[in-house]
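Observations on the model geometry
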Amino acid sequence: MANLGFAFDPTAVPESEFAAIPSGEYPAVIVDSDMKPTKSGTGKYLELAHQIIDGPYKGKKVWARLNLVNGNAQAVQIAQQHLAELQRAIGLVQTISDSQLLHNRPCVIRVEFVPADAAKGRKNDSNEIKAWKSISGAMPMTTAPAMPAATAAPAAAAAPPWGRK
């Protein structure tokens, strides 16, 4: 046993930015991105570091990994769907070739808490980003030409499902 020589209060020290957060929806921006090789070396994934911008977890980071180059066609399809969802959520509805264009654009991320599970090879609690949506809750505008006013759909029909009452 060792005497520290002082009283240590762990509540006075901020949590690590790597600690898992509870499941929920959080406003966030992408602060870093990189294409990385998969463990097998046969594919690549886009790693996106999201930073929460408001609330009790402000400043915390959560990562998403999108398998954009992979021998598993379903993994690629899911990654492409997630990237498209992310781009719509941040209002970037154009073809991109540089992930830098995704940075610093606010959106809402739906985060799932994943508990540690030694049987599945997870040593620590973690988080997974499951969805992205516009920070205002409304669908972003597309680059398609606007419909003439006489044939425009009523505003209620244009509202996203979560915005309808």
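Up top you'll find the structure we're talking about.
Residues numbered from 1 in each chain as written. Predicted model: local features only at pLDDT ≥ 70, side-chain atom pairs only at ≥ 80, totals over all residues. Heavy atoms only, no water.

**Considerations on the overall build of the chain**
The secondary structure content of the chain amounts to 2 helices and 5 strands. The proportion of buried residues among the 165 residues of the chain is 25%. Long-range pairs, those at least 24 residues apart, make up 48% of the contacts in the chain between residues at least 6 apart in sequence. Split by element, the accessible area of the chain, about 11100 Å² in all, is 55% carbon and sulfur. (Helix = DSSP H or I, 4+ residues; strand = E, 2+ residues; numbered from the N terminus. Buried < 20%, exposed > 50% of the residue type's maximum accessible area, 1.4 Å probe, protein only. Contact = heavy atoms within 4.5 Å. Areas by Shrake-Rupley, 256 points an atom, 1.4 Å probe, with all protein chains shown as cover.)

**Looking at the nonpolar core**
Membership of the largest hydrophobic core comes to 22 residues, with the highest contact counts inside it found for Leu 48, Leu 66, Leu 86, Leu 102, Cys 107, Ile 109 and Trp 132. At the level of elements, β1 (24-37), β2 (44-52), β3 (61-69), α1 (73-89), β4 (107-114) and β5 (126-133) are the ones that each hand at least two residues to this core. Per-element tally for this core: the top contributor is α1, with 4 residues. Every residue in contact with Cys 107, bar those within four places of it in the chain, is listed here: Tyr 26, Pro 27, Ala 28, Leu 86, Ala 89, Ile 90, Trp 132, Lys 133 and Ile 135. (Core = buried A, V, L, I, M, F, W, Y, C linked by side-chain atoms within 4.5 Å.)

**Observations regarding the pairing of β1**
Bridge count for β1 against β4 is 5 bridges, and the pairing is antiparallel. If you follow Tyr 26 over to β4, its bridge partner there is Ile 109. In the sheet, β1 pairs with β2 via 9 bridges, with the strands oriented antiparallel. From the neighbouring strand, Ile 30 faces β2, where its bridge partner is His 50. (Pairing = 2+ DSSP bridges.)

**Structural notes on unusual backbone geometry**
One non-glycine residue, Asn 104, lies in positive phi territory at about 60 degrees. Considering the arrangement of structural elements, one finds Asn 104 in the loop between α1 and β4.

**So, the packing of aromatic side chains**
Taken as a whole and assessed by the stated rule, the structure comprises 1 aromatic pair. With 5.9 Å between their ring centres and 90 degrees between their planes, Tyr 26 and Tyr 57 make a pair best called edge-to-face. Here Tyr 57 lies in the loop between β2 and β3 and Tyr 26 lies in strand β1, a separation of 31 residues in the sequence. (Phe/Tyr/Trp six-rings, centres within 6.5 Å; stacked < 30°, edge-to-face > 60°.)

**A word on α1**
In a regular helix each residue adds 1.5 Å, so 17 residues correspond to 24 Å; α1 covers 24 Å between its end C-alpha atoms and thus fits that length. Here α1 has its buried residues at Val 76, Ala 79, Leu 83, Leu 86, Gln 87 and Ala 89. Looking down the long axis of α1, one finds its buried residues gathered within 160 degrees of arc, a one-sided arrangement. Looking at α1, the residues exposed on the side facing more than 90 degrees away from the buried face are Ala 73 and Gln 74. Looking at the buried side of α1, the elements it contacts are β1, β2, β3, β4 and β5. (Expected span 1.5 Å × (residues − 1). Arc of directions from axis to C-beta.)

**Examining the sheet that holds β2**
If you walk across this open sheet you meet the 5 strands as β3-β2-β1-β4-β5, and the pairing is antiparallel. Here the strands that pair on one side only, and so sit at the sheet edges, are β3 and β5. When strand polarity is set aside, the average angle formed by the axes of neighbouring strands in this sheet is 40 degrees. In the packing of α1 onto the sheet, the strands contacted are β1, β2, β3, β4 and β5, and the crossing angle to β3 comes to about 130 degrees. (Axes fitted to C-alpha atoms, helices over the stretch in contact; angles between N-to-C directions.)

**Overview of a nonpolar patch on the surface**
A contiguous nonpolar patch, built from Leu 4, Phe 6 and Phe 8 and spanning about 370 Å² of accessible area, is present on the exposed surface. A residue is classified by how much of its surface remains accessible, and Leu 4, at 55% relative accessible area, is exposed. (Patch = residues over 30% accessible without salt bridge, like charges linked within 9 Å, V, L, I, M, F, W, Y side chains within 5 Å. Salt bridge = Lys/Arg side-chain N within 4 Å of Asp/Glu carboxyl O.)

By themselves, these figures tell us nothing about what the structure is for.
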